[in-house]
Amino acid sequence: MFSKVLIANRGDIALRILRSCKELEIKTVAIHSTADSDAMHVRLADESVCIGPPHSSKSYLNIPSIITAAQLVGADAIHPGVGFLSENANFAEIVNAHNITFIGPKIEHLKVMGDKIQAKIMANQLGLPLVPGSKSVILSLDEARFEADKIGYPILIKASAGGGGKGMKVVDDKKDLENSFVSAKNESRAAFGNDEVYIEKYLSNPRHIEVQIVGDKYGNVVHLGERECSIQRNHQKIIEEAPSPVLSEQEKENLGNLAVSAAKKMKYENLGTIEFLYQDEKFYFIEMNTRLQVEHPITEAITGLDIVREQIMISSGKKLSFKQENIKFFGHSIECRINAEDPMTFVPSPGIISQFHPPGGLGVRVDSGIYSGYQIPPFYDSLIAKLIVHGDDRQHCIRRLKQALKEMIIEPVPTTLELHKQILDNEDMNTANYDIKWLENNFLSK
Ligand code: MV4
């Protein structure tokens, strides 16, 4: 087992990783920017290293500084957390080249899944169902016309280097194809330095359902059930729940087995999430995430597993200690992401938190790095707390979550707390009658 892990992240997720390390009696090292000197992850870690000025490019994304910090303190592994460098194959390669373990999947899988066309080609070989679309990159407008006619409008142009929705263009009609093709390429060149695009049939009202998988270095893979993440805005998830409230037991089992089969065939190792769109009772693979995810606590709630602990054990070479038949699912869990943002415009609202009161009680978990007196720096993601509630069933979970939201105080900065209360009081939420467009169509001024 590792003796010292450097946590290359900040905020609630840095704390989350630190906790699992402590339980495994692993020493922890926090890194931080000059804006985060007073952050909770810095206070709670055994050691900390300041790695640069506030801007992420100079601190949490600064590979030379992070490697130097790891060498300085003698860390034998680096956990990248979520976001930042967590899916950066170049970073993982550099970490390994310094004889430090990157806690995450193999480099080849970071690379393949980072390229959405490669990911689709691989998913197809692994037997995952795809959205009908082009088999590879679309090189010319003529080719785009040909493919679009074959697929049938509406179509969606996607950036191969994308994910998270950047560079995507819906095209309803043939006459708009040229403009959209050119602007999709321009946008993705500007955002990613890569203008490769591909085309898919546009699904108009899907749900977003993803499967958590975990695999060790010896070919053992299990799934930990699915998560429903359709309640989102601008590709930012707002609420996630597990299990999916709409799938039958048979559909859940089939989906889990499909994900495990694919992961086994590719000899996937560590944590992964296979994302699907679900529409008209059919699943379509869209992407695979090769990291721990923000919404992992709802999976922990329904399985009773510490998946960060599993991740660390796997990276240190341990075999998975459970088989698929040992995984049991209990009750229902919902996560609310609390962002320091204007609840209607979602414009970030950094500032000083004068009062913070987390809710409590059985089945209530708050993952957060904030405290009364904490100043939210303006440089990073606006996620400041995750409220995760577990109940015997979905209705129980919703009642418990409503009470927890009432108890939670974060003042005076504007947050999404009020939006969560409204969503939980909505009849469509009560009946799980939502898709990926529901929040924008029902709650938000556009
Ligand atoms: C789609 C789609 C509809 N049809 N693909 C958004 C980012 C990337 N993860 C894939 N995305 C989508 N792909 C087809 N063929 C709609 C989306 C999409 C979406 C997907 C999941 C969660 C939220 C979303 C919000 C808007 C669009």
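Just so it is clear, the structure is predicted and the values come from calculations on it, not from any experiment. In this convention, every chain numbers its residues from 1, walking through the sequence in written order. Per-residue local features of the predicted model are confined to residues with pLDDT of at least 70, and side-chain atom pairs are confined, for both listing and counting, to 80 or more; whole-chain, interface and lining totals are unaffected and use all residues. With hydrogens and water set aside, each side-chain value is computed from the structure's full complement of heavy atoms.

Some thoughts on the environment of P132
With respect to the helices, strands and loops of the structure, P132 is situated in the loop between helix 6 (116–125) and helix 7 (141–151). Distance in space between the C-alpha atoms of P132 and L401 is 39 Å, their sequence separation being 269 residues. With sequence-adjacent residues up to four places away left out, P132 is seen in contact with I151, E200, K201 and Y284. In this description a helix means any DSSP run of H or I spanning at least four residues, a strand means any run of E spanning at least two, and both kinds are numbered starting from the N terminus. Here a residue-residue contact requires only that any non-hydrogen atoms of the pair lie within 4.5 Å.

Notes on the domain arrangement of the protein
Each domain span listed reflects an automatic or database assignment of domains. Structurally, the protein comprises domain 1 (4–103), domain 2 (132–201) and domain 3 (207–444). Taken over C-alpha atoms, the centre of domain 1 sits 37 Å from the centre of domain 2.

Topic: the pattern of salt bridges
Here, a salt bridge means any Lys or Arg side-chain nitrogen found within 4 Å of an Asp or Glu carboxyl oxygen. Following the criterion strictly, the structure yields 33 salt bridges and no others. Note that D195 and K185 form a salt bridge whose closest N and O atoms lie 4.0 Å from each other. With D195 in the loop between helix 8 (177–192) and strand 8 (197–201) and K185 in helix 8, this pair connects stretches of sequence that are 10 residues apart. Given the relative accessible area of 16%, K185 is considered buried. For E300, the salt bridge goes to R365, with nearest N and O atoms at 2.8 Å. Here R365 lies in strand 16 (residues 364–368) and E300 lies in helix 10 (residues 296–303), a separation of 65 residues in the sequence. Judged by its relative accessible area of 23%, R365 falls in the partly exposed class. One continuous salt-bridge network, built from bridges that share partners, spans E210, R227, K237, E240, E295, E335 and R337. Burial here depends on accessible area, computed with a 1.4 Å probe over protein chains only, as a share of the maximum for the residue type. Under 20% is buried, over 50% is exposed, and the range in between is partly exposed.

As for the sheet that holds strand 13 (residues 282–289)
DSSP bridges decide pairing: two strands pair if at least two such bridges lie between them. The 8 strands are arranged 13-12-9-10-11-14-17-16 in an open sheet whose pairing can be described as antiparallel. Pairing within the sheet leaves two strands with one partner each, and these edge strands are strand 13 and strand 16. Sheet twist, expressed as the mean angle between neighbouring strand axes with direction ignored, is 25°. Relative to strand 17 (residues 383–391), strand 14 (residues 332–339) runs antiparallel, the two being bridged by 8 bridges. Across the sheet, the residue bridging to I334 is V389, located in strand 17. Contacts from helix 9 (residues 249–265) reach strand 9 (207–215), strand 10 (221–233), strand 12 (270–279) and strand 13, with the element oriented near 115° to strand 10. Angles run from 0 to 180 degrees between N-to-C directions of axes, and those axes are lines fitted to C-alpha atoms, restricted for helices to the stretch in contact. On top of the sheet, helix 10 reaches strand 9, strand 10, strand 11 (236–242), strand 14, strand 16 and strand 17; it is set at about 155° to strand 14, its chief contact.

Some words on the site of the ligand
For this purpose, a residue is taken to be near a molecule or strand whenever a single non-hydrogen atom of the residue falls within 4 Å of it. Lining the immediate environment of the ligand, one finds 16 residues, of which K158, E200, K201, L203 and E287 sit closest. For this analysis, a polar contact is any N or O atom pair within 3.5 Å, provided that within protein one partner can donate a hydrogen and the other can accept it, and provided that sequence-adjacent residues contribute only side-chain to side-chain pairs. Measuring from a nitrogen atom of the ligand, one finds a backbone N or O atom of K201 at 2.7 Å. E287 is positioned such that a nitrogen or oxygen atom in its side chain is 2.9 Å from a nitrogen atom of the ligand. The protein chains hide 90% of the 510 Å² of surface that the ligand would expose on its own. Elements supplying a minimum of two residues to the shell around the ligand: strand 6 (155–159), strand 8 and strand 13. Its residues placed into classes, the shell around the ligand shows 8 nonpolar, 4 polar and 4 charged. Taken together, domain 2 (132–201) and domain 3 (207–444) each give at least three residues to the shell around the ligand, which thus spans both. Reported accessibility uses the Shrake-Rupley method at a 1.4 Å probe radius. Residues are deemed covered only where the shown protein chains occlude them. Amino acids outside the nonpolar list (Ala, Val, Leu, Ile, Met, Phe, Trp, Tyr, Cys, Pro) and the charged list (Asp, Glu, Lys, Arg) are all regarded as polar, and Gly is one of them.

Description of helix 5 (residues 107–114)
Of the positions making up helix 5, those classed as buried are I107, H109, L110 and M113. For helix 5, the secondary structure elements touched by its buried residues are helix 4 (89–97), strand 5 (101–102), helix 6 and strand 13.

Let's talk about the sheet that holds strand 2 (residues 27–33)
The parallel open sheet is built from 5 strands, whose spatial order is 3-2-1-4-5. Two strands lie at the open edges of the sheet, namely strand 3 (47–52) and strand 5, each paired on one side alone. Sheet analysis places strand 2 next to strand 3, joined by 5 bridges and oriented parallel. By the bridge assignment for strand 3, A30 is matched with S48. Packed onto the sheet, helix 1 (residues 11–23) meets strand 1 (4–7), strand 2 and strand 4 (77–79) and runs at close to 175° relative to strand 1.

Re the packing of helix 5 against helix 6
Relative to each other, helix 5 and helix 6 sit at 105°, their axes nearing to 5 Å. One finds that helix 5 runs roughly perpendicular with respect to helix 6. Between helix 5 and helix 6, the residues in contact are V112, M113 and G114 and K116, Q118, A119 and M122, respectively. Its residues placed into classes, the contact of helix 5 with helix 6 shows 4 nonpolar, 2 polar and 1 charged. The scheme is simple: roughly parallel for angles under 35 degrees, roughly antiparallel for over 145, roughly perpendicular for 65 to 115, oblique for anything else.

Looking at helix 7
Among the residues making up helix 7, those that are buried are A144, E147, A148 and I151. Viewed end-on, helix 7 has its buried residues packed into an arc of 100°, placing them on one side of the element. More than 90 degrees from the buried face of helix 7, the exposed residues found are D142, F146 and K150. Summarising the contacts, the buried residues of helix 7 are in contact with strand 6, helix 8 and strand 8. G152 sits one or two positions beyond helix 7 and adopts a positive phi of about 95°. By definition, the arc is the one covered by directions from the helix axis to the C-beta atoms.

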